[in-house]
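Chains, contacts and geometry: an overview
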Amino acid sequence: MKTFFLKEKQIDKKWFVIDAEGLVVGRLAAFVATLLRGKHKPEYTPHMDCGDNVIIINAEKVHFTGKKLKEKIYYKHTGYPGGLKRTTPDNILNGKFPERVIEMAVKRMLDDGPMARKRFGNLYVYSGPEHKHQGQQPEKIDFASLNRKNKKQWSKNGKFCNKSIRKNN
């Protein structure tokens, strides 16, 4: 039996839209990276861009677990001596481009190289509830319902609580 390799003509790309309101960033990024790579498809081929296009809306309303919102640090270097810059997710979410938190998380979950950069181009992140891709008729994915840990639950007093999901006997 010969190994199956997907041809350029056989690629069937779909469009998906995910509402990120209340979702946990790391879990969302891992799921989106899988969709972008195409690993959820039976005809996955590593050297072809067979992944889907993903639209994420409400990126400004994502959540971090634990103390990551204040204590996680993103580093970047300007290229000049002493040019190491650092910031926290809280600063980015309250800044001018809150969608960059999700973009950085997804980009770091993809592999390196030209194919990953091409796949990353299939991700569209918007900080608000509107997007400009209605013409592609994207399918809505309810990521929060796939696992109870995907969405952060809050109790009535404003504290994180997983018990609100469980049924009381």
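Reading the values: rules and limits
Residues numbered from 1 in each chain as written. Predicted model: local features only at pLDDT ≥ 70, side-chain atom pairs only at ≥ 80, totals over all residues. Heavy atoms only, no water. Patch = residues over 30% accessible without salt bridge, like charges linked within 9 Å, V, L, I, M, F, W, Y side chains within 5 Å. Areas by Shrake-Rupley, 256 points an atom, 1.4 Å probe, with all protein chains shown as cover. Salt bridge = Lys/Arg side-chain N within 4 Å of Asp/Glu carboxyl O. Lys, Arg positive; Asp, Glu negative; His and termini not counted. Charge placed at Lys NZ, Arg CZ, Asp CG, Glu CD. Helix = DSSP H or I, 4+ residues; strand = E, 2+ residues; numbered from the N terminus. Buried < 20%, exposed > 50% of the residue type's maximum accessible area, 1.4 Å probe, protein only. Pairing = 2+ DSSP bridges. Right-handed = clockwise from strand over helix to strand, strands pointing away. Axes fitted to C-alpha atoms, helices over the stretch in contact; angles between N-to-C directions. Contact = heavy atoms within 4.5 Å. Phe/Tyr/Trp six-rings, centres within 6.5 Å; stacked < 30°, edge-to-face > 60°.

Positive charge collects at one region of the surface, where K76, K85, K96 and R100 lie side by side. Examined against the element boundaries, K96 turns out to sit in the loop between helix 3 (89–93) and helix 4 (100–109). Overall, the relative accessible area of 72% leaves K96 in the exposed class.

So, on to the pairing of strand 2 (residues 53–57). Within strand 2, 5 of the 5 residues are buried, leaving the element largely enclosed by the surrounding structure. The alternating pattern of strand 2 places N53, I55 and I57 on one face and V54 and I56 on the opposite face, and all of these are buried. The pairing of strand 1 (residues 15–19) with strand 2 spans 5 bridges and is classified as parallel. By the bridge assignment for strand 2, W15 is matched with N53. In the classification by handedness, the crossover that spans strand 1, the intervening helix 1 (residues 25–37) and the parallel strand 2 is right-handed. The pairing of strand 2 with strand 5 (residues 123–125) spans 3 bridges and is parallel. Looking at strand 5, one finds that V54 is bridged to L123.

For the rest of this paragraph, the subject is the sheet that holds strand 1. Pairing within the open sheet is parallel, and its 4 strands lie in the order 5-2-1-6. In the strand order of this sheet, the two ends are held by strand 5 and strand 6 (139–141), each with one partner. Taking each pair of neighbouring strands and ignoring which way they run, the sheet shows an average axis angle of 25°. Here strand 1 pairs with strand 6 via 3 bridges, running parallel. What sits directly across from I18, in strand 6, is I141. Against the sheet, helix 1 touches strand 1, strand 2, strand 5 and strand 6, its axis set at about 175° to strand 1.

All told, the structure shown has 2 aromatic pairs when counted by the stated rule. On the basis of an interplanar angle of 20° and a centroid distance of 5.5 Å, the ring pair of W15 and Y124 is categorised as stacked. With W15 in strand 1 and Y124 in strand 5, this residue pair connects regions lying 109 residues apart in the sequence. On the accessibility criterion, Y124 (26% relative accessible area) is partly exposed.

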